[in-house]
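# Secondary and tertiary structure notes
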Amino acid sequence: MSEEKRGLKAEQNDSAKRQEGSFHNENFRKRSRYFLVFAAMIAACIFITILNINTGNVHISVSRILKIIFLKAGDATEYNIIWKIRLPRILMAAILGGALALAGFLLQTFFDNPIAGPFVLGISSGAKMVVALTMIIFLEKIGTVSSYALIVAAFAGSMMSIGFILLFAKRIHSMSILLVAGIMIGYICNAVTDFVVTFAEDSDIVNLRGWSLGSFSGMNWSNVAIAAVVIGITFVLVFCMAKPIGAYQLGEAYAQSMGVNIRLFRVALILLSSFLSATVTAFAGPISFVGIAVPFLVKRGLNTAKPLIVIPGCFLGGAVFCMGCDLIARMAFAPTELNISTVTSIFGAPVVIFMMLKRKRGH
């Protein structure tokens, strides 16, 4: 009996070691995947940044770019092009793209639907409408409008749209119908904005039409500083909510059992996502499909939905996506520049179609 017991114990120890080894191997594979995906996105970010600064009507070599950026020395014209035009623009594309992807992730968590996003739900359109009205009123009466005023106006517009959506959500339990309601709200807001833009021919708002279609052009270091502070603080708040978001993904009942205040949590999700999308709209206008496509691609690339991994992944992925799209918008038909939403739609819409097909098949 003692030999049998020893044999049984040895088998149990071997089994435990195999399970432990399998667990460590699985963890190693996951961490390796995370590392490779993040390394690829960082490399893409650096490459696209250099390419964005390098290309344009004035070609600047990489060696001169590095000299101007790090030593702040070189030709005065090239120095001004890099520091006053190209660098602020590419940084804003990165910051706002990351914010938009993160806003999409939060809305998808809130509605438990991967098709939910600021553009589809009409949040960006509501923000655009109120910002357009604010720009016209301020420019006609005061002659200037601050970035903070635009952010507040965009936030008010986004909250107005999300308020209507939540009102519909109480009466409509079908997510597909709710998404259609969001699209209709977006159409109404776009119609009002187009009406306003059509009759706003004042020279002070000559760029309003271009802005209403989405663009990263005309950015300056003041815009970069404000956007970096606002979105940086919001990102930190979202990251601090990673644990309750992870619990909420497993269901409301589980989240409540883990001590999450569901009502307060849902309000926080809506406010943070609205603030992110409002900041993007205030500076660059409405940008389509980034908030849906990027979170989906990031989650598939990382093969996880863990918020601690997905939140920074979405931000970095959104930055790379918008930087790449902005480069195409500038250079595809240079010197004519495309609207950023045109390019993001070309690359983002097929991803959304693929997502819907996968959901239809039940995968």
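Before going into details, it helps to say that this report is about the structure given with it. The model shown is predicted, which means the values in this text are computed figures rather than measured ones.

With that settled, the discussion passes to the overall build of the protein chain. A count of helical and extended segments in the protein chain gives 14 helices and zero strands. Along the protein chain, helices (α) and strands (β) appear in the sequence α-α-α-α-α-α-α-α-α-α-α-α-α-α when read from the amino end. Taking the intrachain contacts of the protein chain between residues at least 6 apart in sequence as the baseline, contacts between residues at least 24 apart amount to 77%.

Inspection of the entire model under this criterion finds four salt bridges. A salt bridge links R64 to E78, with the nearest nitrogen and oxygen atoms 3.0 Å apart. In this pair, R64 sits in helix α2 (residues 62-71) while E78 sits in helix α3 (residues 76-111), placing the two residues 14 residues apart along the sequence. With relative accessibility at 11%, the residue E78 sits in the buried group. One salt bridge in this structure joins R89 and E337, with 2.7 Å as the shortest N-O distance.

Structurally, the position occupied by N113 is in the loop between α3 and α4 (123-141). A polar side-chain atom of N113 sits 2.8 Å from the main-chain amide nitrogen of I115.

Tracing the backbone shows F168 in helix α5 (residues 147-171). The partly exposed category is assigned to F168, whose relative accessible area is 32%. For the pair F168 and A181, spaced 13 residues apart in sequence, the C-alpha to C-alpha distance is 7.6 Å. Residues in contact with F168, not counting those within four places in the same chain, are L178, A181 and I185.

Counting 102 residues, the largest nonpolar core has L96, F111 and F216 as its most contacted members. Among the elements that line this core, the one with the most residues is α3, at 20 residues. Once residues within four sequence positions are removed from consideration, F216 is found in contact with R89, M92, A93, L96, A284, I287, C322, D326 and I340.

Turning our attention to the environment of P88. Mapping P88 onto the fold places it in helix α3. Expressed as a C-alpha distance, the spacing of P88 and S222, which sit 134 residues apart in the sequence, is 9.0 Å. Those residues in contact with P88 that sit more than four places away from it in its chain are I82, W83, M219, N220, W221 and V224.

Moving on, we get to helix α13 (residues 307-331). Helix length check: α13, at 25 residues, gives a terminal C-alpha distance of 35 Å against a target of 36 Å (1.5 Å per residue), a fit within 8%. Here α13 lies mainly inside the structure; 20 of its 25 residues are buried.

Let's shift gears to the packing of aromatic side chains. Inspection of every chain in the model, using the stated rule, returns eight aromatic pairs. Residues Y79 and W83 carry aromatic rings whose centres are separated by 6.3 Å and whose planes lie at 35° to one another, so their mutual orientation is tilted. Of this pair, Y79 and W83 are both found in helix α3, four residues apart, which corresponds to roughly one turn of the helix. Relative accessible area serves as the criterion here: at 27%, Y79 is assigned to the partly exposed category. When the ring of Y248 is compared with that of F265, the centres are 4.9 Å apart and the planes differ by 45°; the resulting orientation is tilted. In this pair, Y248 sits in helix α9 (residues 242-249) while F265 sits in helix α11 (residues 262-284), placing the two residues 17 residues apart along the sequence. The residues Y248 and F265 share a single accessibility class, namely buried.

Thresholds, definitions, all that
- Residues numbered from 1 in each chain as written.
- Predicted model: local features only at pLDDT ≥ 70, side-chain atom pairs only at ≥ 80, totals over all residues.
- Heavy atoms only, no water.
- Helix = DSSP H or I, 4+ residues; strand = E, 2+ residues; numbered from the N terminus.
- Contact = heavy atoms within 4.5 Å.
- Salt bridge = Lys/Arg side-chain N within 4 Å of Asp/Glu carboxyl O.
- Buried < 20%, exposed > 50% of the residue type's maximum accessible area, 1.4 Å probe, protein only.
- Polar contact = N/O pair within 3.5 Å; in protein donor to acceptor, adjacent residues only side chain to side chain.
- Core = buried A, V, L, I, M, F, W, Y, C linked by side-chain atoms within 4.5 Å.
- Expected span 1.5 Å × (residues − 1).
- Phe/Tyr/Trp six-rings, centres within 6.5 Å; stacked < 30°, edge-to-face > 60°.

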